[in-house]
Amino acid sequence: MTQWETVRLETPAEGVRLITLADPERRNALGDRMRVELGAAVAAVRDDEDARILVIAAEGTSFCAGADLPALFGTQQASRPVGELRQRLRSYYQSFLALRDLEIPTIAAVQGPAVGAGLNLALCCDLRIAGPQATFAATFTRIGLHPGGGCSYFLTRELGPQRALAIMLDGGSLSAEEALGQGLVLSVEPDPLGHALRLAERHAGLRTELARDIKYAVRLAQRGELEPVVEFEAWAQAEAATHPEVAEFAARFRRGR
């Protein structure tokens, strides 16, 4: 296993990969080292043919406190040309946005505050399990920043334009229960990582292609058009029907009638 300082990549069960943010003393803030290591870990999962599902978790009391503000927005950075700073920001964004490009399902186990870039990291995942102490905070405007890293996209998609605008203007946050009520998380659990791993192990039992195609169909459905979804489903269902398990179930169903 590759050794990193701020990130761990493990295999807790067959087909399941677990990436853990492991810099609790800094509340798992996304600095230069974690940016590189997180990107490398996601790439390793992407290239792993045996990976069927990925869980993202964190050590300590914070899921991720956001970007390393001094590194990104300190005095030395303020004098940089806007275009140069923009490119640096995009390199930070890519470390977590790469999760969106994975074909396998992803689950975030959020045990504590997910702030700024940490919120985006959680929202990049397909499913989110929150602990009782989790919070989801878009605090950019509190320090005079425009939201970044896809925050406007993610919150608008999850909360709708009115609620998304309000929370970003306020620099506000949602508790775990509020996030559950607004559909931002799937459930609130006393042990979010344990629950996420059990869920991951169950879903890893599906054929990789089946889980991948279901994830893709949901992405298509989010775009709002019926016909592309139906067209894709017809191909995906036809492909699934060529596997023995479907024919075996159909035969048992027929005998049971």
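Everything numeric in this text was worked out from a predicted model, so none of it was measured. (Residues numbered from 1 in each chain as written. Predicted model: local features only at pLDDT ≥ 70, side-chain atom pairs only at ≥ 80, totals over all residues. Heavy atoms only, no water.)

**A look at the nonpolar core**
Going by this rule: As used here, the term nonpolar core means buried Ala, Val, Leu, Ile, Met, Phe, Trp, Tyr and Cys residues forming a set that is joined through side-chain atoms within 4.5 Å. Throughout this description, buried means an accessible area under 20% of the type-specific maximum (1.4 Å probe, protein chains only), exposed means over 50%, and partly exposed covers the range between. Secondary structure elements follow DSSP: runs of H or I no shorter than four residues count as helices, runs of E no shorter than two count as strands, and numbering proceeds from the N terminus. Throughout, a residue-residue contact means that at least one pair of heavy atoms, one from each residue, lies within 4.5 Å.
Core analysis: the largest hydrophobic core is formed by 53 residues, its most contacted members being Ile19, Leu38, Phe63, Leu99, Phe136 and Leu155. Element by element, the count of residues in this core is highest for helix H5 (residues 117-124), at six residues. With near-sequence residues (within four places) excluded, isoleucine 19 lies in contact with Val7, Arg8, Leu9, Leu38, Ala41, Val42, Val45, Leu54, Val55, Ile56 and Ala57. Within the second largest apolar cluster, 13 residues are counted, among which are Ile53, Ala57, Leu199 and Ala204.

**Digging into the environment of methionine 34**
As for its placement among the helices and strands, methionine 34 is situated in helix H1 (residues 32-46). The spatial distance from the C-alpha of methionine 34 to the C-alpha of aspartate 23 is 8.6 Å, given a sequence separation of 11 residues. Ignoring anything within four residues of it in the chain, the contact list for methionine 34 reads Thr6, Val7, Leu21, Asp23, Asn28, Ala29 and Gly39.

**Focus: the sheet that holds strand E1 (residues 7-13)**
The cut-off we apply is this: When DSSP finds at least two bridges between two strands, those strands are taken to pair. The axes are straight lines fitted to the C-alpha atoms, using for helices just the contacting stretch, and the angles between their N-to-C directions are given from 0 to 180°.
In spatial order, the strands read E1-E2-E3-E4-E6-E9; together these six strands make up an open sheet with mixed pairing. Only two strands of the sheet have a single neighbouring strand rather than two, namely E1 and strand E9 (187-188). Note: strand E4 (residues 106-110) against strand E6 (residues 127-130), four bridges, orientation parallel. Its bridge partner being in E6, alanine 109 is matched across the sheet by isoleucine 129. Seen against the sheet, H5 touches strand E2 (16-21), strand E3 (53-58), E4 and E6 and runs at an angle of roughly 140° to E4.

**Let's talk about the environment of glutamate 201**
Tracing the backbone through its elements, the reader meets glutamate 201 in helix H9 (residues 192-204). Considered as a pair, glutamate 201 and valine 16 are 185 residues apart in the sequence and their alpha carbons are 6.4 Å apart. If we skip the residues at most four places from it in the chain, glutamate 201 touches Ala13 and Val16.

**Examining helix H7 (residues 161-170)**
The cut-off we apply is this: By definition, the arc is the one covered by directions from the helix axis to the C-beta atoms.
Of the positions making up H7, those classed as buried are Ala164, Ile167 and Met168. With its buried residues spanning 95° around the axis, H7 presents them on a single face. For H7, the exposed residues set more than 90 degrees away from the buried face come down to Gln162, Leu169 and Asp170. As for H7, its buried residues are in contact with helix H6 (151-159) and strand E8 (173-175).

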